[in-house]
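# Chain and residue survey
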Amino acid sequence: APTVTSVTLSNLRRYTEYRITVVARNQVGEGPESTERVLRTSEDLPEAATGFEARAVAGLSGMEVTWIPPVEANGVIERYELSFDSLDPDFPIKRETLQATQNLDQPSITAQVVNLRPSTNYLFSLLAVN
């Protein structure tokens, strides 16, 4: 049989740690395992956040926006970018982006968007950045 000196591992999960050893085998049997190597696959785009909700807050000229982080972050999420645009044709569209980080004690993340124009519709979008 031909000697194999490399192999490609496929279908691995993103940003996951794997422990790898190599064993030589011939007609007599197996030799000892090699020293274990610990490798991590590369980061990739995170999945979408879920549970995205926006609600008006009494006494605040703004909204409270809440979401649940992605189940599969596929890396370390550094920040969330919450963007919003005015949908009012009489009010110039102004895109603003806020950054939010997760409090590890809470399953969801909340950001407050203040100084919004009353009776104006807004479009919110959320981006997880790793």
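Residues numbered from 1 in each chain as written. Predicted model: local features only at pLDDT ≥ 70, side-chain atom pairs only at ≥ 80, totals over all residues. Heavy atoms only, no water.

### What about the overall build of the protein?
Note the threshold: Segments assigned H or I by DSSP are reported as helices when at least four residues long, segments assigned E as strands when at least two residues long, and all are numbered from the N terminus. Put simply, the radius of gyration uses C-alpha atoms, and a globule should come to 2.2 Å times the residue count raised to 0.38. Accessible area is worked out with a 1.4 Å probe on protein chains only. A residue is then buried under 20% of its type maximum, exposed over 50%, and partly exposed in between. Here a residue-residue contact requires only that any non-hydrogen atoms of the pair lie within 4.5 Å. Note on areas: these come from Shrake-Rupley sampling with a 1.4 Å probe, and a residue is covered only by the protein chains present in the view. Charged-residue counts in this description rest on Lys and Arg as positive and Asp and Glu as negative, His and the chain ends being excluded. To locate a charge, take atom NZ for lysine, CZ for arginine, CG for aspartate or CD for glutamate.
Counting its secondary structure elements, the protein contains 0 helices and 10 strands. Along its sequence from the N terminus, the protein presents helices and strands in the succession β-β-β-β-β-β-β-β-β-β. Taking 14 Å as the expected radius of gyration for a compact globule of 130 residues, we find that the protein reaches 24 Å, considerably beyond that expectation. Based on the C-alpha atoms only, the size of the protein along its principal axes is roughly 80 × 30 × 20 Å. For the protein, the residues scored as buried account for 22% of the 130 residues in total. Within the protein, contacts between residues separated by at least 24 positions form 58% of all contacts whose residues are at least 6 apart in sequence. Summed over all atoms, the accessible surface of the protein reaches about 9,900 Å², with 50% contributed by carbon and sulfur. The centroid of the 11 positive side-chain charges in the protein is displaced by 3 Å from the centroid of its 17 negative side-chain charges.

### Observations concerning the sheet that holds strand E5 (residues 50-56)
Note the following rule: Strand pairing is defined by DSSP finding a minimum of two bridges between the two strands. Lines fitted to the C-alpha atoms define the axes, with helices restricted to the stretch that makes contact. Angles between their N-to-C directions range from 0 to 180 degrees.
Spatial strand order, E5-E6-E9: 3 strands in an open sheet with antiparallel pairing. Every other strand in the sheet has two partners, leaving E5 and strand E9 (109-113) as the edge strands with one partner each. Each adjacent strand pair in this sheet contributes to an overall mean axis angle of 15°, direction not counted. Bridge count between E5 and strand E6 (residues 63-68): 5 bridges; the pairing is antiparallel. Counted as the bridge partner of Arg55 is Glu64 from E6.

### Things to note about the side chain of Thr66
In plain terms, the rule: Any pair of nitrogen or oxygen atoms within 3.5 Å is treated as a polar contact; in protein, a donor-acceptor pairing is required on top of that, and neighbouring residues in sequence qualify only through side-chain atoms on both sides.
Position of Thr66 among the secondary structure elements: in strand E6. At 3.4 Å, the side chain of Thr66 and the side chain of Thr110 are in polar contact. With sequence-adjacent residues up to four places away left out, Thr66 is seen in contact with Gly51, Phe52, Glu53, Ser108, Ile109 and Thr110.

### Thoughts on the nonpolar core
What counts, and what does not: We call a set of buried Ala, Val, Leu, Ile, Met, Phe, Trp, Tyr and Cys residues a nonpolar core when their side-chain atoms join them within 4.5 Å.
If you look at the biggest cluster of nonpolar residues, it comprises 13 residues, and the most contacted ones within it are Val65, Trp67, Leu82, Phe84, Val113 and Phe124. Going through the elements one at a time, E6, strand E7 (79-86), E9 and strand E10 (122-129) are the ones with two or more residues in this core. Once residues lying within four places of it in the same chain are set aside, the contact partners of Trp67 are Ala49, Thr50, Gly51, Phe52, Tyr80, Leu82, Ala100, Ser108, Ile109, Ala111 and Leu126.

### A short note on the environment of Glu72
Examined against the element boundaries, Glu72 turns out to sit in the loop between E6 and E7. Relative accessible area serves as the criterion here: at 26%, Glu72 is assigned to the partly exposed category. Taking the C-alpha atoms as reference, Glu72 lies 20 Å from Glu53; in sequence the two are 19 residues apart. When sequence neighbours within four positions are dropped, the list of residues in contact with Glu72 reads Arg13, Pro46 and Glu47.

Any functional reading would require information beyond the geometric quantities listed.
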